[in-house]
Amino acid sequence: MNFLEERIVKDGVVKEGNVLKVDSFLNHQMDINLLDMMGAEYKKRFAGKNINKILTIEASGIGIAAIVARHFNCPVVFAKKSKSINLEGEMYTAQVESFTHKNVNNVIVAKKFLTPEDHVLIIDDFLANGCALQGLIQIVNAAGATVEGIGIAIEKGFQPGGRMIRNMGYQLESLAIVDGMDAATGGITFRPQ
Ligand code: 5GP
């Protein structure tokens with residue numbers, strides 16, 4: 001097991017409905033040393049890629065992306081969730097269905113922060129059905145920028161997002177891939193990497 005898998009086993013909590021809670025170290029209280037190790041690992045996995053911007057989505061991606069960005073020495077842009085529908089013009093927009101909240105959000109990025117010169121690493125905490133990533137990829141494409149890779153902390157391999165994104169041809173690096181989890185026993189199985 002790698003450092004993230006070990007931490008998930010130690011502190012993660014399996015909930016009903018295929019939800020894994022990692023709020024004691026990843027997306028509510030954040031263990032900065034752990035995030036720093038994640039940043040170093042992404043830097044290794046995306047070595048040779050010319051990444052000059054990190055893109056994530058509010059809210060839980062932001063903390064991770066900010067620490068990861070130290071390793072790439074580049075800025076972070078986060079897509080904002082917005083209820084407003086009148087966003088044309090200065091913003092790139094995409095619609096994202098939330099896995100955890102079961103609602104649809106408009107997510108927006110100001111055009112001035114994403115341009116055709118940008119080589120983007122997309123970062124997020126979880127990958128489930130892939131809606132969040134599809135929205136972010138759509139925004140990068142609309143800007144004429146390039147997706148150099150996608151770094152996820154925890155992919156739920158029993159949900160379809162990971163396969164879909166890999167089939168689209170992207171380099172997707174998930175530091176932990178959960179292949180199964182059981183709310184009754186709390187048991188978690190990881191895909192060997
Ligand atoms: P997707 O769009 O891939 O279906 O879901 C990704 C988003 O849903 C992530 O940004 C994350 O915030 C949330 N999410 C999906 N599955 C889980 C989960 O098991 N636990 C937590 N805490 N968040 C999740």
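Only a predicted model underlies this, so the values are computations on that prediction, with no experimental measurement involved. (Residues numbered from 1 in each chain as written. Predicted model: local features only at pLDDT ≥ 70, side-chain atom pairs only at ≥ 80, totals over all residues. Heavy atoms only, no water.)

Each aromatic ring pair is summarised here by two numbers: the centre-to-centre distance and the angle between the ring planes. With the rule as written, the count across this model stands at 1 aromatic pair. Seen in terms of ring centroids, Tyr42 and Phe46 are 6.5 Å apart; in terms of plane orientation they differ by 35°. Their pairing is tilted. Phe46 carries the same exposure label as Tyr42, and that label is buried. Lys102 extends its terminal NZ or CZ atom over the ring of Phe99, reaching a point 4.4 Å from the ring centre. (Phe/Tyr/Trp six-rings, centres within 6.5 Å; stacked < 30°, edge-to-face > 60°. Buried < 20%, exposed > 50% of the residue type's maximum accessible area, 1.4 Å probe, protein only. Lys NZ or Arg CZ within 6 Å of the ring centre and 35° of its normal.)

Attention now goes to the pattern of salt bridges. Considering all chains together, one arrives at 10 salt bridges under this definition. The salt bridge involving Asp11 is made with Arg7; its shortest N-O contact spans 2.7 Å. Placement of both Asp11 and Arg7 in helix 1 (residues 3-11) is noted, with a separation of 4 residues, approximately one turn of the helix. Residue Asp11 is classed as partly exposed on the basis of its relative accessible area, which comes to 24%. Its relative accessible area of 18% is what places Arg7 among the buried residues. For Lys53, the salt bridge identified is with Asp118, shortest N-O distance 3.1 Å. (Salt bridge = Lys/Arg side-chain N within 4 Å of Asp/Glu carboxyl O. Helix = DSSP H or I, 4+ residues; strand = E, 2+ residues; numbered from the N terminus.)

Below, the discussion takes up the environment of Ser98. Note on placement: Ser98 falls in the loop between strand 5 (91-97) and strand 6 (104-110). Overall, the relative accessible area of 12% leaves Ser98 in the buried class.

For helix 2 (residues 32-45), which comprises 14 residues, the first-to-last C-alpha distance of 20 Å matches the rise-based estimate of 20 Å (1.5 Å per residue) to within 8%. Looking only at helix 2, the buried set comprises Leu34, Leu35, Met38, Gly39, Glu41 and Tyr42. Along the long axis of helix 2, the arc covered by the buried residues comes to 165°, so they all point the same way. In helix 2, those exposed residues whose orientation departs by more than 90 degrees from the buried face are Asn33 and Lys44. Buried positions along helix 2 lie against helix 1, helix 3 (61-72), strand 7 (119-127), strand 8 (146-156) and strand 9 (172-181). The N-cap of helix 2, judged by a side-chain oxygen 3.0 Å from the amide nitrogen of Asn33 a few residues on, is Asp31. (Expected span 1.5 Å × (residues − 1). Arc of directions from axis to C-beta. Contact = heavy atoms within 4.5 Å. Polar contact = N/O pair within 3.5 Å; in protein donor to acceptor, adjacent residues only side chain to side chain.)

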